[in-house]
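# Descriptive structure summary
Here are the chains, one letter per residue:
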Amino acid sequence: MKSTFFSVRKEDSESFKNIFSDSMYHIFLFNGNGKIIVDFVEYEFNGRTVFFSSPFQNIQILSETQFEVEILNFHSDFYCIEYHKKEVACNGLLFNNIYLFPHFSLHEEVYKEISNYFSKIQKVDYHEDFSGSVLQSYLQLILAISSREKNKLLFDKELIKDDFNDLKSFQNLVEEHFLSEKNLAFYADLLHVTSNTLSKKIKSKFNKTPSQIIQERVILEAKKQIHLTRKSIKEIAIELNFNDEFHFSKYFKKHVGISPTQFRKEAGISIVADLYK
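Read on for an overview of the structure. On a predicted model such as this, the values are computed, not experimentally measured, just so you know. (Residues numbered from 1 in each chain as written. Predicted model: local features only at pLDDT ≥ 70, side-chain atom pairs only at ≥ 80, totals over all residues. Heavy atoms only, no water.)

### Some words on the overall build of the chain
Within the chain, the regular secondary structure consists of 10 helices and six strands. The globule rule puts the C-alpha radius of gyration for 277 residues at 19 Å, and the 19 Å found for the chain is close to it. For the C-alpha atoms alone, the extent of the chain along its principal axes is close to 60 × 40 × 35 Å. When burial is assessed residue by residue, the chain has 48% of its 277 residues classed as buried. Sequence-distant contacts, at least 24 apart, represent 71% of the contacts inside the chain between residues at least 6 apart. (Helix = DSSP H or I, 4+ residues; strand = E, 2+ residues; numbered from the N terminus. Rg over C-alpha atoms; globule rule 2.2 N^0.38 Å. Buried < 20%, exposed > 50% of the residue type's maximum accessible area, 1.4 Å probe, protein only. Contact = heavy atoms within 4.5 Å.)

What follows is the structure, encoded as structure tokens:
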């Protein structure tokens, strides 16, 4: 196993004050106060926190005080979250969901439990037989625990808000129309509200504007097609309703920071691209 595909390390929070982006999935574990910035959207954190990011998201962690950050990195070639979705349903919950916050707070005992698995991973000799299987098992435990805790939060908090039905309707409409309709007025008309009212509701709920959500949904679909299929970039551009490959590549690079071709080279093509033809 290549250690570059999977690693755990500890860093000072100052190490993440500048924007970074790479081809790995990340799990951050820390206890502090400040802001996480993901693709230029700000989220506040307070106390014991776990935070998840996907390949080539732009990440910053900002705080007035320094604290230790434990970070686990893994590449899709080591552990494909789509391939293992029956074992740990974390894709769309911990990773790759534009409608959920990328982080959440942990109770002390759960925080210690995850940190303990981080420590166990650091003690594994990557050159030993079956080390890859051992590391995957630890990773699955971390993902399973985190998925369980996030599900608890969703049931406890998200569903009881008065405006949930309206916001859920917006989410459903985006899922149905994001490829063909990228104008806020289209969604506001369908929901029978003004664009300004919809913007305020969405901003208060998701911490981002409706336009940002629509853009992120297009980019998420583009990443999925590039990573999970062997379709050409031209084919993907057509499926995503772009005039041509050039305009798609320009749009993708503007929001991700690299071209679709470079994304595929760095993130790789998932094993599921061949399994589910």
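The structure having been displayed, the exposition proceeds.
### Examining helix α9 (residues 260-267)
All of the buried residues in α9 are Pro260, Phe263, Arg264 and Ala267. The buried side chains of α9 occupy one side of the element, clustering within an arc of 95° when seen end-on. Seen from the buried face of α9, the exposed residues on the opposite side, beyond 90 degrees, are Thr261 and Lys265. Downstream of α9 by one or two residues, glycine 268 has phi in the positive range, about 85°. (Arc of directions from axis to C-beta.)

### Focus: the packing of aromatic side chains
On inspection of all chains with the given rule, the structure shows 24 aromatic pairs. Aromatic side chains phenylalanine 16 and phenylalanine 28 sit 5.6 Å apart centroid to centroid with 90° between the ring planes, which places their arrangement in the edge-to-face category. Taken as a pair, phenylalanine 16 in the loop between β1 (6-12) and β2 (25-38) and phenylalanine 28 in strand β2 lie far apart in primary sequence, 12 residues in all. Residues phenylalanine 16 and phenylalanine 28 agree in their burial class; the two are buried. Measuring from ring centre to ring centre gives 5.9 Å for phenylalanine 45 and phenylalanine 67, while their planes differ by 80°; the resulting arrangement is edge-to-face. Separated by 22 residues along the polypeptide, phenylalanine 45 in strand β3 (residues 41-53) and phenylalanine 67 in the loop between β4 (59-62) and β5 (68-74) bring together distant segments of the chain. According to the relative accessible area criterion, phenylalanine 45 is buried, its value standing at 4%. Taking relative accessible area as the criterion, phenylalanine 67 reaches 9% and is therefore assigned buried. (Phe/Tyr/Trp six-rings, centres within 6.5 Å; stacked < 30°, edge-to-face > 60°.)

### Some thoughts on the packing of helix α6 (residues 210-228) against helix α8 (residues 245-256)
Between two packed helices, the angle of one axis relative to the other and the distance separating the axes together describe the packing. Here α6 crosses α8 at 110°, and the two axes come no closer than 11 Å. Taken as axis vectors, α6 and α8 run roughly perpendicular relative to one another. Residue-level inspection shows Gln215, Val218, Ile219, Ala222, Lys223 and Ile226 of α6 in contact with α8, the latter providing Phe248, Tyr251, Phe252, His255 and Val256. Looking at the contact of α6 with α8 residue by residue, the classes come out as eight nonpolar, two polar and one charged. (Axes fitted to C-alpha atoms, helices over the stretch in contact; angles between N-to-C directions. Parallel < 35°, antiparallel > 145°, perpendicular 65-115°, else oblique. Nonpolar A, V, L, I, M, F, W, Y, C, P; charged D, E, K, R; others polar.)

### Points about unusual backbone geometry
Of note in the backbone geometry, phenylalanine 56 takes a positive phi value of approximately 60° without being a glycine. Along the chain, phenylalanine 56 falls in the loop between β3 and β4.

### Some points on the nonpolar core
Ranked by size, the top nonpolar core spans 35 residues in total, and within it Ile27, Leu72, Phe74 and Phe95 carry the most contacts. Secondary-structure elements contributing two or more residues to this core are β1, β2, β3, β5, α1 (108-122) and α2 (131-156). Considering each element in turn, this core owes the most residues, seven residues, to α2. Contacts of phenylalanine 95, omitting those with residues within four sequence positions, involve Tyr25, His26, Ile27, Phe52, Ser53, Ser54, Phe74, Ile81, Cys90 and Leu143. Membership of the second largest hydrophobic core comes to 33 residues, among which are Leu173, Ala188, Ile202 and Val218. (Core = buried A, V, L, I, M, F, W, Y, C linked by side-chain atoms within 4.5 Å.)

### Notes on the layout of surface pockets
Reported here for the second largest pocket is a volume of approximately 530 Å³. Considering the residues around the second largest pocket, the lining is formed by 29 residues, among which Val38, Asp39, Gln57, Ile98 and Glu216 are closest to the centre. Of all the secondary-structure elements, those providing two or more residues to the lining of the second largest pocket are β3, α6 and α8. At six residues, the largest contribution of residues to the lining of the second largest pocket is made by α6. Here the lining of the second largest pocket is built from residues that sort into 15 nonpolar, eight polar and six charged. (1 Å grid on protein atoms, 1.4 Å probe; cavity = no way out; pocket = protein on both sides within 12 Å on 5 of 7 lines; lining within 4 Å. Points joined across faces, edges and corners; volume = space filled by probe spheres on them.)

### Side note on the environment of phenylalanine 252
Note that phenylalanine 252 resides in helix α8. With 32 residues separating them in the primary sequence, phenylalanine 252 and leucine 220 have C-alpha atoms 10 Å apart. Among all residues touching phenylalanine 252, those that are not within four sequence positions of it are Ile219, Ala222, Lys223, Ile226, Gly257, Ile258, Ser259, Pro260 and Phe263.

### Considerations on helix α5 (residues 195-206)
Between its terminal C-alpha atoms α5 stretches 16 Å, which fits the 16 Å expected from 12 residues at 1.5 Å a residue. If you check which residues of α5 are buried, you get Leu198, Ile202, Lys205 and Phe206. Along α5, the residues classed as buried sweep out an arc of 75° about the axis, all on the same side. Opposite the packed face of α5, turned more than 90 degrees from it, sit the exposed residues Lys200 and Ser204. (Expected span 1.5 Å × (residues − 1).)

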